[in-house]
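Given next are the chains, with one letter for each unit.
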Amino acid sequence: EPEVTQTPSHQVTQMGQEVILRCVPISNHLYFYWYRQILGQKVEFLVSFYNNEISEKSEIFDDQFSVERPDGSNFTLKIRSTKLEDSAMYFCASSGTMYSNQPQHFGDGTRLSIL
Amino acid sequence: AQTVTQSQPEMSVQEAETVTLSCTYDTSESDYYLFWYKQPPSRQMILVIRQEAYKQQNATENRFSVNFQKAAKSFSLKISDSQLGDAAMYFCAYRTDSINTGTASKLTFGTGTRLQVTL
């Protein structure tokens, strides 16, 4: 069964550095999402992306964050000038259609640790 | 804004027994979808079951079923004949019907319930 893949599985970065989290969505999917989960807390929506544009973003997704689909397969989340509070598990998801009855398929996540 | 509440941080069930995980939500919308996702230690979130708000019939997927009470805004998950492989974090999630928004809508998650399955 097709899967969403995320790399790396664990990223350790010094505070203030930039980090890029990578995701390869399921190949025929058109809608892409990033979520994050701070340790011990709920999974929170960051951003959704379609047709090379952000569809929706949360309050968390400020100017520090950006997303990009640089080629036909990758979907990246860039965090500029990382802060300690950016430490979290970041999940990428994709869906084939916009319809809410179609599930979002999640990757395994990238654990980001900011030192 | 919609909120999802899971009031049970941890639950435990013996193998072969039945367990019910609770979820309540708050919304002013009439059209939406509800989901239960499972997150085993391998970390990937897997869809367990979904419920359309417009359907009165409760969804069922093999050993998993829901009790959807729209008026009470309650959406509990029942796991029958529990197996060791059911041990995981379970998240309840809400999603606006995208027909109303015209774009793919986000998932709003609860805080999760960690389910332990004992022998």
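Remember, predicted model here, so these are calculated numbers, not experimental data. (Residues numbered from 1 in each chain as written. Chains lettered and ligands numbered in written order. Predicted model: local features only at pLDDT ≥ 70, side-chain atom pairs only at ≥ 80, totals over all residues. Heavy atoms only, no water.)

Turning our eyes to something else, we now look at the overall build of chain B. Counting secondary structure elements, chain B contains 1 helix and 12 strands. Start at the N end of chain B and walk to the C end: the helices and strands fall as β-β-β-β-β-β-β-β-β-β-α-β-β. Here the C-alpha radius of gyration of chain B, 14 Å, is about what a compact globule of 119 residues would show, namely 14 Å. Seen through its principal axes, chain B has C-alpha atoms that stretch 45 × 30 × 25 Å. With 119 residues in all, chain B has 50% of them scored as buried. Counted over contacts in chain B with a minimum sequence separation of 6, partners at least 24 positions apart contribute 56%. (Helix = DSSP H or I, 4+ residues; strand = E, 2+ residues; numbered from the N terminus. Rg over C-alpha atoms; globule rule 2.2 N^0.38 Å. Buried < 20%, exposed > 50% of the residue type's maximum accessible area, 1.4 Å probe, protein only. Contact = heavy atoms within 4.5 Å.)

The next subject is the state of the cysteines. Summed over the entire model, instances satisfying the criterion amount to 2 disulfides over all chains. Here A:Cys23 is linked by a disulfide to A:Cys92, with a sulfur-sulfur distance of 2.0 Å. For the disulfide bridge between A:Cys23 and A:Cys92, the dihedral angle about the S-S bond is near -65°, and by the sign convention the bridge is left-handed. Placement of the pair is A:Cys23 in strand E3 (residues 19–24) and A:Cys92 in strand E9 (residues 88–95), with a sequence separation of 69 residues. We note that A:Cys23, like A:Cys92, is buried. In this model, B:Cys23 is linked to B:Cys92 through a disulfide, with the two sulfur atoms separated by 2.0 Å. Between B:Cys23 and B:Cys92, the S-S dihedral sits near -70°, and the bridge is therefore left-handed. Residue B:Cys23 is found in the loop between strand E3 (19–21) and strand E4 (24–26), and its partner B:Cys92 is found in strand E10 (residues 88–96); the two are separated by 69 residues along the sequence. (Disulfide = S-S within 2.5 Å.)

The next subject is the side chain of B:Thr113. Residue and element names in this part refer to chain B. Structurally, Thr113 can be placed in strand E12 (residues 113–118). Its relative accessible area of 0% is what places Thr113 among the buried residues. From its side chain, Thr113 meets the backbone oxygen of Gln8 in a polar contact 2.6 Å long. Sequence-distant contacts of Thr113, that is, excluding residues within four places in its chain, are made with Gln6, Gln8, Pro9, Glu10, Met11, Leu21, Ala88, Met89 and Tyr90. (Polar contact = N/O pair within 3.5 Å; in protein donor to acceptor, adjacent residues only side chain to side chain.)

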